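For reference, the chains in residue letters:
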Amino acid sequence: MQFSLFRYDSILLLFLFLCFFPRACFPARITPEQITVTTTGDTHTHKATWFNFTRFKDADNGSHVISGMSELKRYFQRFGYLSVRNDNFTDVYDTQFESAVNLYQKKFGLPVTGKLDFDTISTIMSPRCGVSDSAPTKIHASKHFVYFNGRPRWNNDSASTTTPMTLTYAFSPSNMINYISLPEIRTAFKRSFSRWASVIPINFNETEEYEKADITIGFYGGDHGDGEAFDGALGVLAHAFAPENGRMHFDEDETWAVDFKKAKSKLAVDLESVATHEIGHILGLGHSSVQDAVMYPNLSPRARRRELKLDDVEGVQALYGSNPNFEISSFSESDNVSDKGTGLVCRSSNWTLSLVVLVFFILLVIV
Ligand SMILES: [Zn+2]
Ligand SMILES: [Zn+2]
């Protein structure tokens, strides 16, 4: 009796394990099948053309000419995977493009196949930050965080050597969204700034004096005068500039949300997650290849990634030092994902585990 009960439980456990873990492993991301669902029934129009990229699925170097491929090459150029000098792109899947695909897959922790497979195309179509992924300054091979070219950071010129440094931030008096209240927006940004302030010796104070603020925050649509036009709902969500520029811009055509319980849209984007990410750029961090890190470039609709991970902390502390009150022990081992930043590793290890468990239970049943 005991044996059969155990067997029943085992099978149930095995079933739950197989069902649950592979799903838990993957962060939500847009897939070609989901696109048709997420774009219907929403009032926002999207001008982004990334959804058309689904037609390139399964293309590789043997595919020769594919109509419209030059558009995808421009995407790769924009985000730092193809030479900026070459903008006379053809529709040929050539060796240079294959190398760019390889680079992209490596950066995003995908299996490096050089092919536009399902996962790669899904990742390409996923909403993301507008800052380029090109990363010339990599300080250590085992780390995934990166800096902007020349490793710029804020310096404490005006306040001599005062520690901690204080940076002020202000919201644009004219370029804000009106469907979330200002107090809610202010609270979201306050929390985002405080996450960074808790790990480095910098205080962030809000000021009313927009013109004098170190960091400025605003919502803009389409071409807004800095050469980095926004593209409507999804696509590029926001961008920010390297130190000591201080400008942080959010695409006003997104359906921004501070609380997914209130925001019902399938396209809702978590403002606090994106704000925390853009502050990372303001401080000097580039894009990380760690999928859990705040500095990972992509964020799916209705997903949250607000909390700093060890990779973010190590990156920003290498620029500014540690906040005296910060304790590394508050970041558990589970936060240390810098050595398993790839979906491939994540997926294969789960399948390996599932297989081991399956064999184990079959043996139990037989014995
Ligand atoms: Zn970014
Ligand atoms: Zn801008």
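Everything numeric here is computed off the predicted structure, so don't read it as measured data.

Q: How would you sum up the packing of helix α6 (residues 182–197) against helix α7 (residues 271–283)? Please name residues and give values.
A: Where α6 contacts α7, the axes come no closer than 9 Å and their chain directions differ by 45 degrees. By the angle class used here, α6 and α7 are oblique. Judged by the twist between their axes, the crossing of α6 over α7 is right-handed. Across from Ala188, Phe189, Arg191, Ser192, Phe193, Arg195 and Trp196 in α6, the residues of α7 making contact are Leu271, Glu272, Ala275, Thr276, Ile279 and Leu283. Grouping the amino acids of the contact of α6 with α7 by side-chain chemistry returns eight nonpolar, two polar and three charged.

Q: Could you give an account of the environment of Asp312, with specific residues and numbers?
A: Locating Asp312 in the fold gives a position in helix α8 (residues 310–320). C-alpha separation for the pair Asp312 and Gly286, spaced 26 residues apart in sequence, amounts to 10.0 Å. Among all residues touching Asp312, those that are not within four sequence positions of it are Phe145, Gly280, Ala293, Val294 and Met295.

Q: Lay out the nonpolar core in plain terms, naming residues and giving numbers.
A: Among the nonpolar cores identified, the biggest contains 55 residues, and Tyr169, Phe193, Trp196, Leu237, Val269 and Val274 are the most heavily contacted of them. Every residue in contact with Phe193, bar those within four places of it in the chain, is listed here: Tyr169, Phe204 and Ile279. If you look at the next biggest cluster of nonpolar residues, it comprises 19 residues, including Met69, Phe79, Tyr81 and Phe108.

Q: Break down the UniProt feature "binding site: Ca(2+) 2" (unreviewed entry) in the protein for me, with residues and values.
A: Taking the numbering used here, the UniProt-annotated feature "binding site: Ca(2+) 2" (unreviewed entry) corresponds to Asp214. Here Asp214 is to be found in the loop between β2 (202–206) and β3 (215–220). In contact with Asp214, not counting residues within four places along its chain, are Leu167, Thr168, Tyr169 and Gly246.

Q: An account of the pairing of strand β1 (residues 165–171) is needed here, citing residue identities and associated values.
A: Where β1 and β2 come together, five bridges link them in parallel fashion. Following the sheet pairing, Met165 is matched in β2 by Ile202. Chirality of the crossover, the property in question, places the unit of β1, α6 and β2 among those that are right-handed. Pairing of β1 with β3, which is carried by three bridges, proceeds in the parallel orientation. Looking at β3, one finds that Tyr169 is bridged to Ile215.

Q: Give me the lowdown on the sheet that holds β2, citing residues and values where you can.
A: One open sheet accounts for five strands, arranged β2-β1-β3-β5-β4; its pairing is mixed. Here the strands that pair on one side only, and so sit at the sheet edges, are β2 and β4 (238–240). Between one strand and the next, the sheet's axes are offset by a mean angle of 20 degrees, whatever the strand orientation. Two strands pair when backbone bridges link them, and β3 and strand β5 (residues 247–251) are joined in this way by five bridges, in the parallel orientation. Bridged to Thr216 within β5 is Arg247. Contacts from α6 reach β1, β2 and β3 within the one sheet, and its direction differs from that of β2 by about 170 degrees.

Q: Residue-level account of α6, with values.
A: In this model, α6 (16 residues) spans 22 Å end to end at C-alpha, consistent with the 22 Å of a helix rising 1.5 Å per residue. Of the positions making up α6, those classed as buried are Ile185, Ala188, Phe189, Ser192, Phe193, Trp196 and Ala197. Tucked into the core, α6 has its buried residues touching β1, β2, β3, α7 and α8.

Q: I'd love a proper account of unusual backbone geometry, names of residues and values included.
A: Looking along the chain, the bond that leaves Pro243 and enters Glu244 is cis, with omega of 0 degrees. Residue placement: Glu244 occurs in the loop between β4 and β5. Phi angles above zero are rare outside glycine, and Arg151 is one such case at about 50 degrees. When you line up the elements, Arg151 lands in the loop between α5 (118–125) and β1. The exposure class of Arg151 is partly exposed, given the 16 C-beta atoms found within 10 Å. Its identity is not glycine, yet Arg302 carries a phi of approximately 60 degrees, on the positive side. For Arg302, the location among the structural elements is in the loop between α7 and α8. On the neighbour-count criterion, Arg302 (18 C-beta atoms within 10 Å) is partly exposed.

What counts and how
Residues numbered from 1 in each chain as written. Chains lettered and ligands numbered in written order. Predicted model: local features only at pLDDT ≥ 70, side-chain atom pairs only at ≥ 80, totals over all residues. Axes fitted to C-alpha atoms, helices over the stretch in contact; angles between N-to-C directions. Helix = DSSP H or I, 4+ residues; strand = E, 2+ residues; numbered from the N terminus. Parallel < 35°, antiparallel > 145°, perpendicular 65-115°, else oblique. Left-handed = near helix turned anticlockwise from the far one by under 90°. Contact = placed C-beta atoms within 7 Å. Nonpolar A, V, L, I, M, F, W, Y, C, P; charged D, E, K, R; others polar. Core = buried A, V, L, I, M, F, W, Y, C linked by C-beta atoms within 7 Å. Buried ≥ 20, exposed ≤ 12 C-beta atoms within 10 Å, placed from the backbone. UniProt positions renumbered as here; feature names shortened; annotations may be inferred. Pairing = 2+ DSSP bridges. Right-handed = clockwise from strand over helix to strand, strands pointing away. Expected span 1.5 Å × (residues − 1).

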